[in-house]
Every structure is written in C-alpha cells, then in structure tokens.
Amino acid sequence: MVHPDVEETATAIAEMEIRGAATIADAAAAALAIHAREAEADSPEAFRASMREAARALYDTRPTAVSLPNALRYVLYGMEGTTVEALRGSVTARADRFRRELDQAQSKLGRVGAGRIRDGDVVMTHCHSTDAMACIRAAIEQGKHVEAIVKETRPRQQGHITARELRELGVPVTLIVDNAAHRYLNDVDHVLVGADSIAADGSVINKIGTSGLAVSARDRGTPIMVAAQTIKLHPDTLTGQAVEIEMRAESEVIDAETREEIGDIEVRNPAFDVTPPRHIDAIVTEQGQFPPESIVTLMRELYGESVDQPWAE
Ligand code: RI2
C-alpha cells in the first residue's frame, strides 16, 4: 500500500501542479521520506518492497525529466540496514540529504551562471526554470542590472510564472508571445533556458519551443545558455537509449467546442523537444560550465555506465 501522500504527490506531478524538473525531484524525495516514515511493514523485505512500490507510483507520472528517476535512485540506493527501523531511518536521512544537496546545487549553479551575465544585460527566457531563475537571482545579488524578455510559452503559459518571479526580484519584464521571439532576439544578450534532461551527446531536452528558439538565436548570433543541475544528466543515454518525449492532452491546446467546430483534425501536444549541441553555447551546472559536447565526461564520472531501476519488482 502506497501512502496517501505519495499518491497525492504522484497525481500533482502528473497534473503539473508540481512541475519543473528540480521541483519534481524534490517533491518525489519528500514523498519517499514520508512513505518510509509511515509504511507498515513486518519485515525488512516487506519494507523494501513497499519502498519500491512507492517509487514506482512516482516514476510512472511523467517520462521526460530524468531528475525524477535520478532522485528515486539516489534515495533508494541509500536504503540500508537489517531491521525495518534501520531501513526507515536510512531512507529518510538519504531523502533529506538529497533535498539539501539539490538546494545547494541550485545556488552554486546560479553563481556560475551569473558569471556569464554582465551588468545591463537583457535575457530572453522560455518556460519557467528554477535553475535559470537561480542565475538571474545570483546576478542581481552581485549588484548587476538585468532586464528580461519573457516568452509566454504555449500551451500552459509558464512564462507567466517566470514574469511574476522576475518582477518580485525587481527585474523589468517584457512579456511576448512565442511567435515574437525572433523579432526580439536582436534586443537580447542571452537566451537562458533550463533543461528537463541532457543527453550524452550534449543535446538538451527542454520545453517545446526551445529548439526553434535556439535556431533563431544562432541565426541572430545570440548566445544560448542552458542552466541545469547535474541531476538533469540522463545516464541511460550513455548506452544509446533515447529520451522519451511526453505527449500531453490535446485539451491543453484547444477546447473541445472549437475543435468540434473546426472539423476532423488531429491535435498533437508534445511537451518537450530536443536542441542539438551545436545550437548551445554553454551548459551551466553546479560543477561549472561546460560546452555541450564535453558533458559526457561529467555524466560518466557521476553516473557510470550502468543504470538500473531499483524500484523494479
Ligand atoms: P527547473 C520544465 O518542464 C521546463 O521545461 C523547464 O525548463 C524545466 O522543467 C526545468 O525546470 P515542465 O515541468 O528544474 O514545466 O530548472 O514541463 O525548475
């Protein structure tokens, strides 16, 4: 039996009430800790099985952001002990450590990213990324004046979240529709985006529209930087596996009545796309900034070649 809080977190992730790759990882670790604290188990084996079940419920929510399986793996790998109580303690301690490290990594990454931003720079954002926000926040803490052109980001308009948070930081914000990005690229010094997953070849999987934006940015000569903690590195891609792109409901794109009115159409709603490394200038992590082509070295160092699924039955 999965703890109701785990079910609740899983539903919130699937429905995107909890969203953003880092936030999803944090929520998943927190849910595993609650499950560990409360799970009823009469033997260490039953407890382990129960933890695997909870992790599966979380894993099955959204397929693209690798921070989710990376978080589950990190917590489950730390499960050790020969009694239920020892196992419980090890999981909660490991989850707490994960969450602390995630937070610290984001602050560190922010300082690295801020190094690329100069006083007076204008940044264009896409979607809402806490890692990208950390770079702007750190730049402001360093006393730099930063302005932002914020793409609204159809279909869910997470650009509004970015705009609100930037205003809270005192950043002057211009909100534009996605189609206006090319028009405004002449006015910006950087495109700054987050990532849901990064593949071994340095490709960046991020909110749909990132790859088109990157092509436009290349055309205009505007550098594009990706802010992504190392938890976004997708270890499965080391062995050639592709990253699954989540397809979401057509109701996010068009309401049923309008769809009916138009006639017989198909609607496709991929949540993410893939930007090849040649369109990216730098990937900024808590371990420093990397040209996308060299990210594989870091990935190997941190994750090794073999990746298992400790939540499998
Ligand atoms: P942080 C989001 O996906 C966006 O694609 C964003 O760039 C990425 O997660 C990373 O976000 P969604 O969950 O981890 O909105 O930087 O589909 O917060």
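Residues numbered from 1 in each chain as written. Predicted model: local features only at pLDDT ≥ 70, side-chain atom pairs only at ≥ 80, totals over all residues. Heavy atoms only, no water.

For the ligand, the set of nearby residues contains 19 residues, the closest of which are Arg19, Thr130, Asp196, Asn206 and Lys207. The contact in question runs from an oxygen atom of the ligand to an N or O atom on the backbone of alanine 21, over 3.3 Å. Here aspartate 131 contributes a backbone N or O atom positioned 3.0 Å from an oxygen atom of the ligand. Starting from 440 Å² of accessible surface for the ligand in isolation, the protein chains cover 100%. Of all the elements in the fold, those that place two or more residues in the shell around the ligand are α2 (21-38), α6 (130-141) and β6 (204-207). The residue makeup of the shell around the ligand, split by class, is six nonpolar, seven polar and six charged. Taken domain by domain, the shell around the ligand gets at least three of its residues from each of domain 1 (4-108) and domain 2 (110-303). (Near = heavy atom within 4 Å. Polar contact = N/O pair within 3.5 Å; in protein donor to acceptor, adjacent residues only side chain to side chain. Areas by Shrake-Rupley, 256 points an atom, 1.4 Å probe, with all protein chains shown as cover. Helix = DSSP H or I, 4+ residues; strand = E, 2+ residues; numbered from the N terminus. Nonpolar A, V, L, I, M, F, W, Y, C, P; charged D, E, K, R; others polar. Domains from an automatic or database assignment.)

In a soluble, globular protein the nonpolar side chains are often hidden away together inside. Leu32, Phe47, Met51, Leu58, Leu72 and Phe98 are the most contacted members of the largest nonpolar core, which totals 33 residues. Residue assignment for this core shows that the elements contributing at least two residues are α1 (4-14), α2, α3 (44-59), α4 (67-77) and α5 (84-114). For this core, the element with the highest residue contribution is α2, accounting for eight residues. Dropping the residues within four chain positions of it, leucine 72 is found in contact with Ala28, Leu32, Ala55, Leu58, Tyr59 and Trp311. Counting residues in each nonpolar core, the second largest holds 29 residues, with Ile149, Ala180, Val191 and Val204 among its members. (Core = buried A, V, L, I, M, F, W, Y, C linked by side-chain atoms within 4.5 Å. Buried < 20%, exposed > 50% of the residue type's maximum accessible area, 1.4 Å probe, protein only. Contact = heavy atoms within 4.5 Å.)

To continue, consider the domain arrangement of the protein chain. Domain boundaries in the protein chain define domain 1 (4-108) and domain 2 (110-303). With centres defined by C-alpha atoms, the gap from domain 1 to domain 2 works out at 26 Å. Every contact between the two is made by 23 residues of domain 1 and, on the other side, 33 residues of domain 2. Taking both sides of the interface into account, the surface hidden between domain 1 and domain 2 amounts to around 2,100 Å²; carbon and sulfur atoms contribute 51%. The largest contributions to the domain 1 side of the interface with domain 2 come from Thr64, Gln106 and Lys108, which together make up 29% of the buried area. In this structure, the connection of domain 1 to domain 2 is made through one salt bridge. Salt-bridge contacts for arginine 62 lead to glutamate 246; the nearest nitrogen and oxygen are separated by 2.8 Å. The tally of links between domain 1 and domain 2 comes to 19 residue pairs in polar contact (both at pLDDT 80 or more). Elements supplying a minimum of two residues to the side of domain 1 that touches domain 2: α2, α4 and α5. Here the side of domain 1 that touches domain 2 gets six residues from one element, more than from any other, and that element is α5. (Buried area = accessible area lost by both parts, 1.4 Å probe. Salt bridge = Lys/Arg side-chain N within 4 Å of Asp/Glu carboxyl O.)

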